[in-house]
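Observations on the model geometry
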Amino acid sequence: LPPQLKLDALTEIDVKVTVKDEGGGINGFFLFHNTKLVSPDRIVDQDEDERSDGRKTITATYRLRPIAGQNLFHSNAVSSESILGATNLTTVTVQAPPREPVLHVLTVAINDYLDPQLQLNYALPDARGIQQIMEAEYGQIFGEVRLIEVFDDKATRRGMQQALASLENTAPEDVVVIYYAGHGEATDKDFYFVTYEFELPLSNNRLERRALSAGSMKDFIEKIGARRVIMLIDACKSGTAVAGFQDQMDRRVIRKLGQSVGLHIVSATAKEQFAVEHEELGHGVFTYALIEAMEGKADTDPRDGNLTVREIVHFSEEEVPALSQKYAQYQHWPLIYSRGLDFTLGKVASQ
């Protein structure tokens, strides 16, 4: 039988992973908690022993916060040749009162950049539109909605990093929505969220020093405690960010794991496309489609009043090309990276 823990409150537990070299070496190991990859930062103790045959044994202890009910832990290791070892499964049942999930909504938006040449019109209205609908409608299924607002001169590279770091201690039951509206720029290697302090002329060196890369964003997201994370990027060329996440998360070894990392990312455009804003809509096309989806239009068969992440993503995927063609005679479409189970993000009146 799986172990059972009786906890009055959902305190932290230690999960120990032991990796033995059976002759192929050890190139790395992974722990998943309810299908989400656990950040190595959760390791509180690690020992490495060399056996008499010269092979190593690594023991790592992760400190995690469980959820009430079933907690599934599984681990894998890979050899020096990137050969995946057997999957080890452990289920821990926590007997504790269920905790109401909290919806954490981090909105980052920049209209007024330090460099006036980068001025935008609709980034702030876009972010406020997302905030309003999340707070008004989505509070129905969450115990609390917490808004984290990073606008204009607060949206520096450091300010964005601090806001992302504040999500690290979110509970496993929680949901995190990260929304960015502003300029985006792509290089051959990465996508960059153009932060408030960035100044033209554009160069790779300036991006590396003054903007925030998708690669570093990924590192923050991996550390988020919540098991359900969705990221929405309303920026030009933002498909490069999605492709970057996919390249890093879906390396050959990770693909072989066949497991989710509990993450959904949706960009406004494909890699080299520009995002359309239009005065008549009062929003960027991508965000306008998102708001319509979240207001209930994404509730498709079965029309049950539940708005799931995949319904919202699918609606946006269908609407953005049509809207951009209608209002700008220029068609762009979202790019999507999805790893993890579908989940309900909001409710509307059933049809």
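In what follows, the structure referred to is the one given above.
Values in this document were obtained by computation on a predicted structure and should not be read as measured data. Each chain has its residues counted from 1, following the order in which its sequence is written. Totals for whole chains, interfaces and linings use every residue, but because this is a predicted model, local features are given only for residues with pLDDT of at least 70 and side-chain atom pairs only at 80 or more, for both listing and counting. With hydrogens and water set aside, each side-chain value is computed from the structure's full complement of heavy atoms.

**Some remarks on the layout of surface pockets**
So the rule is basically this: The method works on a 1 Å grid over the protein atoms by themselves. A cavity is a set of points holding a 1.4 Å probe that cannot get out, a pocket is an open set with protein on both sides within 12 Å along at least five of seven lines, and residues with an atom within 4 Å of a point line them. Grid points are joined across faces, edges and corners, and a volume is the space filled by probe spheres set on the points. In this description a helix means any DSSP run of H or I spanning at least four residues, a strand means any run of E spanning at least two, and both kinds are numbered starting from the N terminus. In this count, Pro and Cys sit with the nonpolar residues alongside Ala, Val, Leu, Ile, Met, Phe, Trp and Tyr, while Asp, Glu, Lys and Arg are called charged and the others, Gly among them, polar.
Its boundaries defined by the atoms lining it, the largest pocket holds a volume of some 290 Å³. Counting residues per element, the ones that place at least two in the lining of the largest pocket are β2 (13–20) and β7 (69–78). Here the residues of the lining of the largest pocket are counted per class, giving seven nonpolar, nine polar and three charged.

**Section: the pattern of salt bridges**
Short version of the rule: We define a salt bridge as a side-chain nitrogen of Lys or Arg found within 4 Å of a carboxyl oxygen belonging to Asp or Glu. Accessible area is worked out with a 1.4 Å probe on protein chains only. A residue is then buried under 20% of its type maximum, exposed over 50%, and partly exposed in between.
Overall, the coordinates contain 11 salt bridges when judged by the stated rule. With a closest N to O distance of 3.0 Å, K223 and D41 form a salt bridge. Residue K223 is located in the loop between α4 (214–222) and β15 (228–234), and its partner D41 is located in the loop between β4 (36–37) and β5 (43–50); the two are separated by 182 residues in the primary sequence. A salt bridge links R210 to E199; its shortest N-O distance comes to 3.3 Å. Placement of R210 in helix α3 (residues 204–210) and of E199 in the loop between β13 (191–193) and α3 is noted, with a sequence separation of 11 residues between them. Judged by relative accessible area, which is 24%, R210 ranks as partly exposed. Shared partners join several salt bridges into a network, and the residues in it are R51, D53 and R55.

**Points about helix α8 (residues 309–328)**
Quick reminder of the rule: Expected helix span is taken as 1.5 Å per residue step, with the number of steps being one fewer than the number of residues. A residue's bend is given by the angle between axes fitted to the 7 residues ending at it and the 7 residues starting at it.
Here α8 contains 20 residues, and its C-alpha end-to-end distance of 27 Å stays within 8% of the 28 Å for a straight helix at 1.5 Å per residue. In α8, a bend of some 30° at E319 exceeds every other bend along the element, and P321, a proline, comes one to four places later. All of the buried residues in α8 are V309, E311, I312, V313, F315, S316, V320, P321, L323, S324 and Y327. Q329 sits one or two residues past α8 and shows a positive phi near 50°.

**Some remarks on the packing of aromatic side chains**
The criterion, for reference: Classification of ring pairs rests on two measures: the distance between centres of Phe, Tyr or Trp rings, Trp counted by its six-membered ring, which must be within 6.5 Å, and the angle between planes, read as stacked under 30 degrees, edge-to-face over 60 and tilted in between. Ring-over charges, as used throughout, are those where CZ of Arg or NZ of Lys falls within 6 Å of the ring centre and within 35 degrees of the ring normal.
Using the criterion set out here, one finds two aromatic pairs in the structure. Ring geometry for Y180 against F193: centres 4.9 Å apart, planes inclined by 80°, an arrangement best described as edge-to-face. Of this pair, Y180 sits in strand β11 (residues 175–181) while F193 sits in strand β13, and the two are 13 residues apart along the sequence. There is no split in this pair, since Y180 and F193 are both buried. Ring geometry for F191 versus F193: centroids 5.0 Å apart, planes at 90°, classification edge-to-face. Three or more aromatic residues link up through ring pairs in this structure, and these residues are Y180, F191 and F193. The ring of F343 has R228 sitting right over it, with the charged end atom 5.6 Å from the ring centre.

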